[in-house]
Amino acid sequence: MSGSPRSVASSDHSRTQSPPSAWNVAPQSETSVAGQSSAWNQVSPNDRPTSPPTQFPQSQPRVHHSFLNESQTRTYVLDVVQHPQRTAEFGSATLSRLPLAPPIVVQLIVRDRFGNSIIPEMELPFLIAHLSLFSDDGTRPLDMGASPTGDTPPRRLLYGNLVSSPQKLRDLSGRLGLYFLFPDVSIRWRGRFQLGVSLLRLSETDASGVMSLASQGTVLATARTRPFDVVTHENYVAPPLTHLTQSFFRQGARIQAFPPNTP
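The present account deals with the structure reproduced in this document.

Reading the values: the criteria
- Counting restarts for each chain, with residues numbered from 1 along the sequence as it is written.
- Confidence filtering applies because this is a predicted model: local features only for residues at pLDDT of at least 70, side-chain atom pairs given and counted only at 80 or more, and all residues used for totals across whole chains, interfaces and linings.
- Note that water and hydrogens are dropped before the side-chain values are worked out from all heavy atoms of the structure.
- Each helix is a run of H or I in the DSSP string that is no shorter than four residues. Each strand is a run of E no shorter than two, and both are numbered from the N terminus.
- For every residue, the accessible area obtained with a 1.4 Å probe (protein chains only) is divided by the maximum for its type, and the residue is called buried under 20%, exposed over 50%, and partly exposed between those limits.
- Note on contacts: a residue pair is in contact if any heavy atoms of the two residues lie within 4.5 Å.
- Note on areas: these come from Shrake-Rupley sampling with a 1.4 Å probe, and a residue is covered only by the protein chains present in the view.
- By definition, two strands form a pair when at least two bridges between them are found by DSSP.
- Here is the rule: rings of Phe, Tyr and Trp (six-membered ring for Trp) pair when centre to centre is within 6.5 Å. Planes less than 30 degrees apart are stacked, more than 60 are edge-to-face, and the remainder are tilted.
- The rule for a charge over a ring is simple: NZ of Lys or CZ of Arg within 6 Å of the ring centre, and within 35 degrees of the ring normal.
- To form a nonpolar core, buried Ala, Val, Leu, Ile, Met, Phe, Trp, Tyr and Cys residues must be joined to one another through side-chain atoms within 4.5 Å.

**Notes on the overall build of the protein**
For the protein, the helix and strand inventory stands at two helices and 19 strands. Expressed as a percentage of the 263 residues in the protein, the buried residues total 45%. In the protein, 75% of the contacts between residues at least 6 apart in sequence involve partners at least 24 apart. Here the protein has roughly 13,500 Å² of accessible surface; of this, 51% comes from carbon and sulfur atoms.

And the structure:
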């Protein structure tokens, strides 16, 4: 099967935040390799907070055999280069929901067995990143949740386009890279949360070497955002646009770039 998997939007009719059942995750063995530079060092100085963020545990890079050639070994690393800061809860009003801002941007770094950064062109159509919601300390997955007042039954908390395909874009220094963008992600109820990002490969190769969509997905790497706040509409103040958001927007990426507090 050719072509890149498209972004998938969740809805209240869905019963799970995981990828569709045909993409059941089958983790492979992993081997630690040299650590990568942190997202803090890759963000433009103009977009950084005044002090370094609290560090949260990140999964180590995973070493996998390339599905094109079993003799080739590649490592896959997800690096959150733009973290969300806040949004407003939307409750039951899905049509008035606001996305997390700034938009979540995750860089994919793929290295060959010699440690060289590469863009695996033939593999890209089969790579996706998927979001899931966690408590602010990252210890509890939060698929469902009741309203803060407890007057409604538990409902799905994470809403929007939770799956993204890789895009080739240039960073603020002009370097070409692979990025997953999540410009349309909202949270139903107020609180403090953290997002998990999983990189999956949805491909398999038959005996003749023909690639196709796999019945199971393979987790290649994971990452976490820093904690962010979800507040009431009356207390919400949109953060300013980042240079990275504006740059990707000018390059034609589908990423929201509206001025703060614009209806």
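**Quick notes on the pairing of strand E3 (residues 73-82)**
With nine of ten residues buried, E3 is to be regarded as a mostly interior element. The pairing of E3 with strand E5 (residues 104-111) spans seven bridges and is classified as antiparallel. Bridge pairing in E5 places Val80 opposite Val106.

**Points about the packing of aromatic side chains**
The tally for this structure, following the rule as stated, stands at three aromatic pairs. Ring geometry for Phe193 versus Phe228: centroids 6.4 Å apart, planes at 40°, classification tilted. With Phe193 in strand E15 (residues 191-201) and Phe228 in strand E19 (residues 228-231), this pair connects stretches of sequence that are 35 residues apart. Each member of the pair Phe193 and Phe228 is classed as buried. Taking NZ or CZ as reference, Arg224 lies 3.7 Å from the ring centre of Phe134, over its face.

**Some remarks on the nonpolar core**
Note on soluble globular proteins: their nonpolar side chains tend to be buried together. Residues Leu78, Leu131, Leu133 and Leu199 are the most contacted members of the largest nonpolar core, which totals 32 residues. Those elements that place two or more of their residues in this core are E3, E5, strand E7 (127-135), strand E13 (176-182), strand E14 (185-187), E15, strand E18 (216-224) and E19. Ranked by size, the runner-up nonpolar core spans nine residues in total, among them Leu169, Leu244, Phe248 and Ile255.

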